[in-house]
Number of protein chains: 2
Amino acid sequence: MNTSTTRPARSAGAAGPTPAELGIGMRFSIHPHTDDFVEVILGALADVEQAGLTKDLVIETDEVSTYVGVRTAPAEQRLAAYLSAVITAATRRSGGGHVVAHVLLSRGCPGEVACDLSVTGLPDPDPVALERTGIRAAAQWSLYPLLDAGDGGGRPDHMAHIETAIAAARDRGTAAAAAHYATKLTGDVADVLATAVDAWAQVGARVPHVVTHLTISVGSPTQAGN
Amino acid sequence: MNTSTTRPARSAGAAGPTPAELGIGMRFSIHPHTDDFVEVILGALADVEQAGLTKDLVIETDEVSTYVGVRTAPAEQRLAAYLSAVITAATRRSGGGHVVAHVLLSRGCPGEVACDLSVTGLPDPDPVALERTGIRAAAQWSLYPLLDAGDGGGRPDHMAHIETAIAAARDRGTAAAAAHYATKLTGDVADVLATAVDAWAQVGARVPHVVTHLTISVGSPTQAGN
């Protein structure tokens, strides 16, 4: 663990930690189920860059996935817009074939293992606003509040945050069903992404370290139709 | 949340909670990057069933992923052997092409949202033993201890468990590098899976609710060679 630093408590007008200080970012991988997967992936990433959506993002690709870090606000909006555009471009480039993206969104643990979990003045960001893509997705979504001191000073209750987030997804119309270890989301790619990103950001206004995982599937031949 | 039930504290010879009571299981999806992905996936699942590896497992596939629950010990061994066989069969059936599996392993939250987090007598399972597959994998691995009361009665420290698990992976030779939000693992598919499964089970001997996510990639054209 690295050394904790003290930051000013949040108050009206006071600047809280920046997205970079909070380590807001994601890792994602995208899987077009086609022989042409290399062309589809590289083409989609180029499309999104040409559309200007990589501005202020730090993007590093390795053998398994791509890291996307955000240095400036609105961090959640930048990540969600980038991701929606990548999935849309890959779907288009694969001729409407089956494409799956796996996404890990994280906040509160900026480095690799080392974290500063004593941060105060957590930001309470606005919901993301994404244009509809016209592409129907089904997703498996899990949310992990990793450090919860307990709002009332009591025993940590990470499940309460998860239940609140699932209720919000139900209100939004994207929560299709509960499943073991995950919630199934369905709807336009933009709505599914916004559900997961907003929940992660909202829990992150109260819990320092929050991760969410989303497996988002488009064009599956086993589509359930709901 | 459902009603907590009291279980006997663990002692020599006392039976702890069963795998079913702990909700030990996984969700996984497998992504062959080929036009023939449907045949590859269905064929691999059939291969594994014919090999007798689905015995005592509860398997339910939906549009996004497959749930695999375990009712009997050794739960971790059954899940790891099943997964290793599915990845091996899919790789073989895709002619050594690029195959990615995404896995979520969970313990301590048996139902859907509802959890019993007051469980005592957590089992301390043996490490899994998997035959080498001869297939080299690279993986992105994240471990989430979700309820940690603090071993010394102090503040929960989920990062300490994560650091211990990463040190074990280094000793094993599978931890290739730290990355933002994840550890990169490389090695034989069996060793990579065993690293993640054993770490999840070992943290689960001390923390009631533990989840781990593993994105495991085989045959990537961007293989880094390490």
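Our structure is the block above this text.
Residues numbered from 1 in each chain as written. Chains lettered and ligands numbered in written order. Predicted model: local features only at pLDDT ≥ 70, side-chain atom pairs only at ≥ 80, totals over all residues.

Chemist: Please explain the overall build of chain A as it appears in this structure.
Modeler: Along its length, chain A carries five helices and eight strands. Going residue by residue from the N terminus, the α and β elements of chain A occur as α-β-α-β-β-α-β-β-α-β-β-α-β. The buried share of chain A, taken over its 226 residues, is 56%. (Helix = DSSP H or I, 4+ residues; strand = E, 2+ residues; numbered from the N terminus. Buried ≥ 20, exposed ≤ 12 C-beta atoms within 10 Å, placed from the backbone.)

Chemist: Any chance you could explain the interface of chain A and chain B here in plain terms?
Modeler: Interface size is often expressed as the accessible area that is lost when the parts come together. At the interface, 53 residues of chain A touch 53 residues of chain B. The class makeup of the residues in the side of chain A that touches chain B is 26 nonpolar, 20 polar and seven charged. (Contact = placed C-beta atoms within 7 Å. Nonpolar A, V, L, I, M, F, W, Y, C, P; charged D, E, K, R; others polar.)

Chemist: Would you mind showing me how to read the relation of the copies chain A and chain B here?
Modeler: The relation between the two chain copies is a rotation about an axis coupled with a shift along that axis. Here chain A sits on chain B after a turn of 180° about the axis and a move of 0.0 Å along it, with an RMSD of 0.0 Å. Overall, the copies show the geometry of a two-fold rotation axis. Looking at the interface residues of chain A, 100% of them are also at the interface in chain B, so both copies use one shared face. (Least-squares fit on C-alpha atoms with pLDDT ≥ 70 in both.)

Chemist: Can you help me understand helix H4 (residues 158-172) of chain B in this one?
Modeler: An α-helical turn contains 3.6 residues, so any two residues separated by three or four positions project in the same direction. Residues and elements named next belong to chain B. Spanning 15 residues, H4 covers 22 Å between terminal C-alpha atoms, matching the ideal 21 Å at 1.5 Å per step. Three or more residues of H4 are buried, namely His-158, His-161, Ile-162, Ala-165, Ile-166 and Ala-169. Seen from one end, H4 has its buried residues packed into an arc of 135°, which puts them on one side. Away from its buried face by more than 90 degrees, H4 exposes Ala-167 and Asp-171. The secondary structure elements touched by the buried residues of H4 are strand S5 (136-145), strand S6 (175-179), strand S7 (182-188) and helix H5 (189-203). (Expected span 1.5 Å × (residues − 1). Arc of directions from axis to C-beta.)

Chemist: Sorry, what's going on with the pairing of strand S6 (residues 175-179) of chain A here?
Modeler: On any regular strand, side chains alternate: one points to one face of the sheet, the next to the other face. Residues and elements named next belong to chain A. Where S6 and strand S7 (residues 182-188) come together, four bridges link them in antiparallel fashion. The residue of S7 that forms the bridge with Ala-179 is Ala-182. Between S6 and S7, which follow one another and run antiparallel, lie two residues, and Tyr-181 among them has a positive phi close to 70°. (Pairing = 2+ DSSP bridges.)

Chemist: Where do I start with helix H5 (residues 189-204) of chain A in this structure?
Modeler: Between its first and last C-alpha atoms H5(A) spans 23 Å; for 16 residues at 1.5 Å apiece the expected length is 22 Å, and the two agree. Along H5(A), 15 of the 16 residues are buried, which leaves the element largely enclosed by surrounding structure.

Chemist: For this particular structure, what's the right way to read the packing of helix H4 (residues 158-172) of chain A against H5(A)?
Modeler: The geometry of a pair of packed helices is captured by two quantities: the angle between their axes and the separation between those axes. Residue and element names in this part refer to chain A. Interaxial distance between H4 and H5 falls to 10 Å at its minimum, and their mutual angle equals 150°. The crossing of H4 and H5 is right-handed. Residues His-161, Ala-165, Ala-168, Ala-169 and Arg-172 of H4 form the contact with H5, whose own contacting residues are Asp-191, Thr-195, Ala-199 and Val-203. Of the residues contributing to the contact of H4 with H5, the split by class is five nonpolar, two polar and two charged. (Axes fitted to C-alpha atoms, helices over the stretch in contact; angles between N-to-C directions. Left-handed = near helix turned anticlockwise from the far one by under 90°.)

Chemist: How do you make sense of the pairing of strand S1 (residues 25-32) of chain B when you look at a structure like this?
Modeler: Residue and element names in this part refer to chain B. Within S1, eight of the eight residues are buried, which leaves it mostly tucked inside the rest of the structure. The alternating pattern of S1 places Gly-25, Arg-27, Ser-29 and His-31 and Met-26, Phe-28, Ile-30 and Pro-32 on opposite faces, both of which are buried. Bridge analysis of S1 against strand S3 (residues 66-70) gives four bridges, and the strand direction is antiparallel. Within S3, the position partnered with Met-26 by the bridge is Val-68. Relative to strand S4 (residues 99-107), S1 runs antiparallel, the two being bridged by eight bridges. What sits directly across from Ser-29, in S4, is His-102.

Chemist: Could you clarify how one ought to interpret the sheet that holds strand S2 (residues 57-61) of chain A in this entry?
Modeler: Within a sheet, adjacent strands bond to each other through the backbone by hydrogen bonds, running parallel or antiparallel. Residues and elements named next belong to chain A. One open sheet holds the eight strands; their spatial order is S2-S3-S1-S4-S8-S5-S7-S6, and the pairing between them is antiparallel. The outermost strands of the open sheet, each flanked by one partner alone, are S2 and S6. Going across the sheet, the axis of each strand differs from the next one's by a mean of 20°, ignoring polarity. Its contacts with the sheet place helix H3 (residues 75-93) against strand S1 (25-32), S2, strand S3 (66-70), strand S4 (99-107) and strand S8 (210-218), and it is angled at close to 170° to S4.

Chemist: Looking at this structure, how should I read the sheet that holds strand S2 (residues 57-61) of chain B?
Modeler: Residue and element names in this part refer to chain B. Taken in spatial order, the eight strands make up an open sheet running S2-S3-S1-S4-S8-S5-S7-S6, and their pairing is antiparallel. Two strands close off the open sheet at either side, each with one partner strand: S2 and S6. Between one strand axis and the next, the sheet turns by 20° as a mean value, whatever way the strands run. For S2 and S3, the ladder comprises five bridges, and the chain directions are antiparallel. Directly across from Glu-60, in S3, lies its bridge partner Tyr-67. Packing against the sheet, helix H3 (residues 75-93) makes contact with S1, S2, S3, S4 and strand S8 (210-218), and its axis sits at approximately 170° to S4.

Chemist: Can you help me understand the nonpolar core in this one?
Modeler: Here is a general trend for soluble globular proteins: nonpolar side chains tend to be buried in one another's company. Grouped together as the largest cluster of nonpolar side chains are 136 residues, with contacts concentrated most on Val86(A) and Val86(B). Aside from chain neighbours lying at most four places away, what touches Val86(A) is Ile30(A), Ala44(A), Leu45(A) and Val48(A). (Core = buried A, V, L, I, M, F, W, Y, C linked by C-beta atoms within 7 Å.)

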